[in-house]
Amino acid sequence: MINRRELIQRTGKGFAGLALAGMSQAQTHAMARAKNIIYIFNHGGVSHVDTFDPKPTLTKLNGSTIPPSFAAGLVTARIDFRKALMRGSPWEFPRYGQSGLQFSSLFPHLGKHADKMAVVRSCYGDAFDHAPAMFLSCTGSQFPGRPSIGSWTVYGLGSENKNLPSYVVMSDGAMKSGAGAYGAGYLPATHQGTMFRAGQSPVLNLATPAGITPDAQKETLGLVNDLNRRHYASREDDSTLDARIKAYELAFRMQSEAPGAVDLTSETPATRKLYGLDEPFTADFGRKCLLARRMVERGVRFVQLFFGTNLGDDWDDAHNDLLGSHEKMAKKSDQPIAALLSDLEARGLLDSTLVVWNSEFGRTPLAEGKNGRDHHPYGYSMWMAGAGIHGGRVLGATDEFGLRAVEQPKSIHDVNATILRLMGVDHTKLTWRYQGRDQRLTDVHGENEFTQWLLG
Amino acid sequence: MRLFLCFFVLATLAFADSPTDAVAVLANKCQQCHNAQMQMAGVRLTSTADLLQHRDKVLAAVAYTGKVKMPPTGKLAAAEQSLLSAWLSAGAVWPANAAPQKAASTWWAFQKPVRPAGDSIDFFIDAKLAEKGLKRGAPADKLTLIRRATYDLHGLPPTNAEIQAFLADTANDAYPKLIERLLASPRYGEKWGKHWLDLARYGDTSGFEQDPYLLYAWRYRDYVVKSFNDDKPYDRFIKETIAGDELYPEEPEAQQGTGFYTVGTNRDMLYKQERENRVETLTDFTDTTSGVFLGLTVGCARCHDHKFDPIPQRDYYRLQAVFMPHQKTRIFLHYNNARGYDLNENTRLFRLQELGAQMMALLDPHRKRLRDAVLAKMSPEVNAAFRTPDDEKTPEQKKITDQFQKEVEPSDAQVYAVLSKEEADRLDKIEKRLVAMYKNFGPGPFSPGLTDIGRESPRSFLPAKGGGNGEEIFPGYPTALGGGDIPAPPQEAETSQRRKGLAEWIASPENPLTARVMVNRIWQFHFGRGLVNTPSDFGTRATASHRELLDWLATEFVARKYSLKAMHRLMMTSAAYTQASRPSPKALEMDPENTLLSHYTRRRLEAEEVRDSILAASGALNLKMGGRPVVPTLATEELYGMSQPLNNAWIVTEDAREHDRRTIYMLARRNFRMPLLEAFDMPEGVLSCSRRDSSTTAPQSLSLLNGRFTLAQATRLAGLLEKEADPVAALWQRLFGRAPEPFEAERSNRFLAQQTQHLGNRSAALTELARGVFNLNEFLYVE
């Protein structure tokens, strides 16, 4: 018997991922709706009451405090819920699409896709600082060290393209969580997210070192291959040696394939325009959304885009400038995300691709200082589209002030259970033995998944 | 069919004395958890009344048909099931001759090891091989042996000179002498200390968004390296780790062991959630202590009785209570110097605040004047925006100030330019004083450690159903291991002495797990897999490939006064260890995972070994030991994604020779691993790691082939080769301690000729040869 670990060692494989024999039972428990995920993670905390959760009461009572009974138990770092003043959203909340789904005027382009989007207005968590909340959202625990949802997914489902990583991550640079939000935790390291960078060499060390000509590189690889094969000839019982020889062949193929995967010159002017690649505001995130589509086309299982950065623009600038930060971030991402949905649909990929839009938490319906909002994990919004989801609908609600999830509250474990289920994986069966326990992404939670509602 | 018959016979035989045998089944399979002390899941099965009360539940559970399946470790054999149900149906009357019930578990690992008959490792290994009709493999040749032994004990390759000396030594005891030489070298502590640091989830920073420095964590790292080099008896090491402050109050070096509890991810980082932080810290301490020292995975019992092991929730909280009164502290390595350091620091800060005030008084008027001059030329709106305090600015004003910030705020250079001669002199004096204050600045004589807040501990409680506190809990040991309470400390005690109790209990030769768990870890690092292959889990789901050998080793370990070096000698001089790594066809078929050790299991170098070996090969390796973590130069793209600005998060060490030191001394950031090390499965350092992955991936090939580090070292190595008449021969000799085979020599020389053509010069070709050789399996694997 070869155990799973040995199997992983012995299989000459690409970046990560391998449909595991032992995992197949996890898949039999649920029908797969989606083959791939594009998970857009909004870094810094998006204000729910200014985006997907309209609260007319806030506008009506603008400038007054909330009833003391509502403030009890609410804590954040910078405001006192008993004293801070309600602040109505400065944005309009038009109704979009045939469904009349209501969300703010920050996302006019997304408005065209309202009928595809299923909005959950009753998310809640218990971490109100960025890093713990990002860990919680992405790994199911506020503390670092656990595998991320992307790692769990590719551990369970493997990849369809051996020449590209199965779990690709793109970020805008520094993340408040560090790499832990896409790490493999105690799962084999091959399952961790691979950071794609800007430029022709998306993966670290993909490019031949400066000064080495392609011929010379090929020559060196040839030497490595010949000597390794000679070495292997007397050790053919050990498949890891063979696997490493294959890993070099793969590395070489990747050197040819990966730059192509990120080379946008083959995209038509219409596509470039759609994603806003020629506009300064949308060019960067547009490029990432377009890359995400290209990854999905090539069979990359899990693409995660972290939008916003600790050392530049992110939604968290809303601490002292709600208006400026949210206008800027929405403007940077609205058209690219809308383009991604259009493009996936046009290419027939939307039904097999789950698009998730989420953030580590919402922001306080009460003002921080004059112009800001603080972090708020007690009730916030996310949405999903694609994967056969029935859009144009809203699940759950926060109270009239947008403070707490009160109807159909959904924890991040419920959300993660739902995401896995849409990928065809039963979250209770996707396990890894660590510290004597069969660990899960959802720990002992996730009982309130809402897959049926999404597909309903 | 045969299987069925077998059961049938068994059932028939067993039925001969059914009540006695049924009680035996009950004792072996049920009562380890459902006894009077543990009552796991609230069920006790120790009397006729108990059994009748739970009869239906028990029958359903052992039938494995419902949700509750018992025993959780595996369904009862059909014979056992029928015995039990027959006896239950008959009224569960205890036979008169039934043995008295014991509270302690009967699980083998929870019994003190009894020394089995046998005189050597090979005795046990050979016996198991023989059972399968297998034989021990041929001995490895001397070149293989010195490379294997040097990597295993030093994490480095042997030098060519060392190889030649060993090959030339034809004495019978050449190999034991080699082992002695290796054990005596300080490189040993660097290699084995790192194994321990994996378990201790060591890092130089705290984790989370700011990932702040744990300024003195490296003192613990150095303590570990030294402890291994000194061959500190493991029982002493345990005591220093868990309760150095309580057991050795006069020995600061010994107290450094408690750093074990301070070098993990800092769990005090959640803002305004002190209770949560405290709970997480206690959980980390409890789980890590029991996993690392006892191979017990108690974590499950934090929320409920353990589902597989006989660890009720109460036992978890008894263990956790040990750490209840803890507080993190700084150990004064030298009392007077430490006090002096603090006093100087205090004075320095006071002076610094004064110098800061002087600087502001000097510079601010000029700054304001320059700013006002610029603003005077700008519109009233811009002026208003800049004059409004930050938290009162309207969004429009915020935009304006963002936009004109650079224009309006004078730079330091602009301010300095307008200073008068006299002012410039004053500033110069201030700067000189600042520099002078730091001219002798260095780390203080502190080491991170643990102690108690005092003699009294906060109270511990079981969590009540539905939240809040349940029953009060007092510190003690797991029931399954014999139980027992930790007594209250004497009146004059300065700490609770709870950790002292735990440390002595774990370090006692009576503890059934401690020695087994440690010898198994040592075994794992010599043989590729543990005798129990879940090195931090010796619970009821663990399986042992050679249980008798494990017990024999555990008793040897105790008899040899817990000396690790004695265990290395014992293991490394065994025939099992010194075998060649070529399996026989029969072994491949019968035992593909080589659990029975019919040959040596080839292993890939660990991440640190990869980097250190390349440095050794290039001649750059700097063997300086200890001290502050080193931050080597990395490319911007390698540092991509760091959560903090690089001038805070990656403060490169000025002296470049430091960059070539062993990997154990490089800065271990919790939020960032050096990409080469990450690719080769270095653990994250967030949770305790008892066994690393050894993966084979394309990114490994990419980083080893194209990484800056490889190229830089290949260039250095090529520089050495250039002076050689036959560089290929010299390279093989240097890296592999042997002459190249004709094929290798011919292929490599042909390569050199071709690359010289491609790249235009021979030294570039030599660099390519070196870069290639770093990627050879012969370089990356230990035979």
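Refer to the structure presented above.
Let me begin by describing the structure that accompanies this report. Keep in mind that this is a model prediction, so the values were computed, not measured.

## Observations concerning the overall build of chain B
Consideration 1: Each helix and strand counted, chain B has 34 helices and six strands in total.
Consideration 2: For chain B, the spread of C-alpha atoms along the principal axes amounts to about 110 × 75 × 55 Å.
Consideration 3: Burial analysis of chain B (783 residues in total) assigns 56% to the buried set.
Consideration 4: If you take every contact in chain B between residues at least 6 apart in sequence, the share linking residues at least 24 apart comes to 72%.
Consideration 5: Summed over all atoms, the accessible surface of chain B reaches about 33,900 Å², with 56% contributed by carbon and sulfur.
Consideration 6: Side chains of chain B give 99 positive and 97 negative charges; the mean places of these two sets differ by 1 Å.

## What to know about the overall build of chain A
Consideration 1: Along its length, chain A carries 14 helices and 17 strands.
Consideration 2: For 456 residues, the compact-globule formula gives about 23 Å, and the C-alpha radius of gyration of chain A, at 23 Å, lands near that figure.
Consideration 3: If one aligns the C-alpha atoms of chain A with their principal axes, the spans along those axes are about 80 × 50 × 40 Å.
Consideration 4: Classification of the 456 residues of chain A by burial places 66% in the buried group.
Consideration 5: Residue pairs in contact within chain A that sit at least 24 positions apart in sequence constitute 77% of those at least 6 positions apart.
Consideration 6: Here chain A carries 50 positive and 47 negative side-chain charges, and the mean point of each set is 2 Å from the other.

## Section: helix 2 (residues 18-29) of chain B
Residue and element names in this part refer to chain B.
Consideration 1: In a regular helix each residue adds 1.5 Å, so twelve residues correspond to 16 Å; helix 2 covers 16 Å between its end C-alpha atoms and thus fits that length.
Consideration 2: Listing the buried residues of helix 2 in full gives Ser-18, Ala-22, Val-23, Val-25 and Leu-26. Relative to the axis of helix 2, the buried residues are bounded by an arc of 155° and lie together on one face.

## Regarding the nonpolar core
Consideration 1: Counting 169 residues, the largest nonpolar core has Trp-196, Tyr-220, Tyr-234, Trp-523 and Leu-553 of chain B as the members making the most contacts within it.
Consideration 2: Judged by nonpolar contacts, the second largest core, of 59 residues, contains Val-46, Trp-91, Phe-196 and Leu-350 of chain A.

## Overview of the packing of helix 26 (residues 607-618) of chain B against helix 30 (residues 708-722) of chain B
Residues and elements named next belong to chain B.
Consideration 1: Look at helix 26 against helix 30: their axes get within 8 Å of each other, and the N-to-C directions meet at 25°. Regarding the angle of helix 26 to helix 30, the classification is roughly parallel. When helix 26 is examined against helix 30, the residues Arg-611, Ile-614, Leu-615, Ala-617 and Ser-618 are found in contact with a partner set consisting of Phe-709, Gln-713, Arg-716, Leu-717 and Leu-720.
Consideration 2: Class assignment for the residues of the contact of helix 26 with helix 30 results in six nonpolar, two polar and two charged.

## Quick notes on empty space enclosed by the protein
Consideration 1: Counted by the stated rule, this structure contains twelve cavities of 30 Å³ or more.
Consideration 2: Looking at the largest cavity, its volume works out to about 570 Å³.
Consideration 3: At the level of secondary structure, the elements contributing two or more residues to the lining of the largest cavity comprise strand 6 (194-196) of chain A together with helix 28 (675-679) and helix 29 (698-706) of chain B.
Consideration 4: Its residues assigned to classes, the lining of the largest cavity comprises 13 nonpolar, eleven polar and five charged.
Consideration 5: Put simply, the second largest cavity is a space of about 280 Å³.
Consideration 6: Lining the second largest cavity are 25 residues, with Lys-194, Tyr-202, Ala-668, Met-682 and Pro-683 of chain B sitting closest to its centre.
Consideration 7: When residues of the lining of the second largest cavity are assigned to their parent elements, the largest contribution, three residues, is made by helix 10 (residues 187-199) of chain B.
Consideration 8: Looking at the lining of the second largest cavity residue by residue, the class counts come to 13 nonpolar, three polar and nine charged.

## Re helix 32 (residues 742-759) of chain B
Consideration 1: An ideal rise of 1.5 Å per residue puts 26 Å on 18 residues; helix 32 of chain B measures up with 25 Å between its terminal C-alpha atoms.
Consideration 2: Along helix 32 of chain B, the residues classified as buried are Glu-744, Ala-745, Arg-747, Ser-748, Phe-751, Leu-752, Gln-755 and Leu-759 of chain B. All buried residues of helix 32 of chain B lie within an arc of 165° about the axis, which places them on one face of the element. Turned more than 90 degrees from where helix 32 of chain B packs its buried face, Pro-742 and Gln-757 of chain B sit exposed.
Consideration 3: Buried residues along helix 32 of chain B sit in contact with helix 8 (214-233) of chain A together with helix 31 (727-736), helix 33 (762-773) and helix 34 (777-780) of chain B.
Consideration 4: Within two residues after helix 32 of chain B, Gly-760 of chain B carries a phi angle of roughly 90°, on the positive side.

## Let's talk about the packing of aromatic side chains
Consideration 1: A complete count under the given rule lists 54 aromatic pairs over all chains for this structure.
Consideration 2: Consider the rings of Tyr-155 of chain A and Trp-432 of chain A, whose centres lie 5.6 Å apart with planes at 85°: the pair is edge-to-face. One end of the pair, Tyr-155 of chain A, is in helix 7 (residues 149-157); the other, Trp-432 of chain A, is in strand 16 (residues 432-434), and 277 residues separate them in sequence.
Consideration 3: When its relative accessible area of 10% is taken as the criterion, Trp-432 of chain A is described as buried.
Consideration 4: Considering the side-chain rings of Trp-107 of chain B and Trp-108 of chain B, the 5.6 Å spacing of their centres and the 45° angle between planes classify their relative orientation as tilted. A single burial state applies to Trp-107 of chain B and to Trp-108 of chain B, both of which are buried.

## Thoughts on the pattern of salt bridges
Consideration 1: Counted under the stated rule, the structure contains 97 salt bridges over all chains.
Consideration 2: Among the salt bridges present, the one from Asp-316 of chain A reaches Arg-363 of chain A, with a minimum N-O distance of 2.9 Å. Here Asp-316 of chain A is found in the loop between strand 7 (302-307) and helix 12 (322-346), whereas its partner Arg-363 of chain A is found in strand 9 (residues 362-368), with 47 residues between them in sequence.
Consideration 3: On the basis of relative accessible area, Asp-316 of chain A is assigned to the buried category, the value being 10%.
Consideration 4: Residue Arg-363 of chain A is classed as buried on the basis of its relative accessible area of 0%.
Consideration 5: Among the salt bridges present, the one from Glu-422 of chain B reaches Arg-426 of chain B, with a minimum N-O distance of 3.4 Å. One end of the pair, Glu-422 of chain B, and the other, Arg-426 of chain B, are both in helix 20 (residues 421-437), four residues apart, so they sit about a helical turn from each other.
Consideration 6: A residue is classified by how much of its surface remains accessible, and Arg-426 of chain B, at 40% relative accessible area, is partly exposed.
Consideration 7: In the salt-bridge network here, residues are joined through shared partners; they are Glu-267, Arg-293, Arg-294, Glu-297, Arg-298, Asp-343 and Arg-347 of chain A.

## Re the pairing of strand 1 (residues 36-42) of chain A
Here is the key point about a regular strand: its side chains alternate between the two faces of the sheet.
Residue and element names in this part refer to chain A.
Consideration 1: Within strand 1, seven of the seven residues are buried, leaving the element largely enclosed by the surrounding structure.
Consideration 2: Burial along strand 1 is two-sided: Asn-36, Ile-38, Ile-40 and Asn-42 and Ile-37, Tyr-39 and Phe-41, pointing in opposite directions, are all buried.
Consideration 3: The pairing of strand 1 with strand 8 (residues 353-359) spans seven bridges and is parallel. Across the sheet, the residue bridging to Ile-37 is Leu-354, located in strand 8.
Consideration 4: When strand 1 meets strand 7, the two strands line up parallel, connected through six bridges.

## Some remarks on the environment of Phe-81 of chain A
Residues and elements named next belong to chain A.
Consideration 1: For Phe-81, the position within the fold is in the loop between helix 4 (68-71) and strand 2 (95-96).
Consideration 2: Judged by its relative accessible area of 2%, Phe-81 falls in the buried class.
Consideration 3: Taking the C-alpha atoms as reference points, Phe-81 and Thr-364, separated by 283 residues in sequence, lie 9.1 Å from one another.
Consideration 4: Residues contacting Phe-81, with those up to four places away along its chain left out, are Ile-66, Ala-71, Leu-74, Val-75, Thr-76, Thr-364, Leu-366, His-376 and Leu-403.

## With respect to the interface of chain B and chain A
Consideration 1: At the junction of the two partners, chain B supplies 87 residues and chain A supplies 99 residues.
Consideration 2: In total, about 7,900 Å² of surface goes out of reach between chain B and chain A, with carbon and sulfur atoms giving 54% of it.
Consideration 3: There are five salt bridges connecting chain B and chain A.
Consideration 4: A salt bridge links Arg-230 of chain A to Glu-741 of chain B, with the nearest nitrogen and oxygen atoms 3.9 Å apart.
Consideration 5: In this assembly, chain B and chain A are joined by 27 residue pairs in polar contact (both at pLDDT 80 or more).

## Quick word on the pairing of strand 3 (residues 460-463) of chain B
Consideration 1: When strand 3 of chain B meets strand 4 (residues 469-473) of chain B, the two strands line up antiparallel, connected through three bridges. Of the residues in strand 4 of chain B, the one forming a bridge with Ser-460 of chain B is Ile-473 of chain B.

## Notes on the side chain of Thr-398 of chain A
All names here are of chain A.
Consideration 1: As for its placement among the helices and strands, Thr-398 is situated in strand 13 (residues 397-398).
Consideration 2: Residue class for Thr-398 comes out buried when judged on its relative accessible area of 5%.
Consideration 3: A distance of 2.7 Å separates the side chain of Thr-398 from the side chain of Asp-53, its partner in a polar contact.
Consideration 4: With residues up to four places along the chain from it excluded, the contact list for Thr-398 reads Asp-53, Lys-55, Arg-121, Gly-379, Leu-403, Arg-404, Ala-405 and Val-406.

## Things to note about unusual backbone geometry
All names here are of chain B.
Consideration 1: A cis amide bond, omega -10°, links Met-70 with the succeeding residue Pro-71.
Consideration 2: Positionally, Pro-71 belongs in the loop between helix 4 (55-63) and helix 5 (78-89).
Consideration 3: The backbone of Asp-211 sits at a positive phi, close to 45°, despite the residue not being glycine.
Consideration 4: Phi is positive for Asn-594, close to 60°, though the residue is something other than glycine.
Consideration 5: Mapped onto the elements of the fold, Asn-594 is located in the loop between helix 25 (585-590) and strand 5 (603-604).

Basis of the calculations
Residues numbered from 1 in each chain as written. Chains lettered and ligands numbered in written order. Predicted model: local features only at pLDDT ≥ 70, side-chain atom pairs only at ≥ 80, totals over all residues. Heavy atoms only, no water. Helix = DSSP H or I, 4+ residues; strand = E, 2+ residues; numbered from the N terminus. Buried < 20%, exposed > 50% of the residue type's maximum accessible area, 1.4 Å probe, protein only. Contact = heavy atoms within 4.5 Å. Areas by Shrake-Rupley, 256 points an atom, 1.4 Å probe, with all protein chains shown as cover. Lys, Arg positive; Asp, Glu negative; His and termini not counted. Charge placed at Lys NZ, Arg CZ, Asp CG, Glu CD. Rg over C-alpha atoms; globule rule 2.2 N^0.38 Å. Expected span 1.5 Å × (residues − 1). Arc of directions from axis to C-beta. Core = buried A, V, L, I, M, F, W, Y, C linked by side-chain atoms within 4.5 Å. Axes fitted to C-alpha atoms, helices over the stretch in contact; angles between N-to-C directions. Parallel < 35°, antiparallel > 145°, perpendicular 65-115°, else oblique. Nonpolar A, V, L, I, M, F, W, Y, C, P; charged D, E, K, R; others polar. 1 Å grid on protein atoms, 1.4 Å probe; cavity = no way out; pocket = protein on both sides within 12 Å on 5 of 7 lines; lining within 4 Å. Points joined across faces, edges and corners; volume = space filled by probe spheres on them. Phe/Tyr/Trp six-rings, centres within 6.5 Å; stacked < 30°, edge-to-face > 60°. Salt bridge = Lys/Arg side-chain N within 4 Å of Asp/Glu carboxyl O. Pairing = 2+ DSSP bridges. Buried area = accessible area lost by both parts, 1.4 Å probe. Polar contact = N/O pair within 3.5 Å; in protein donor to acceptor, adjacent residues only side chain to side chain.

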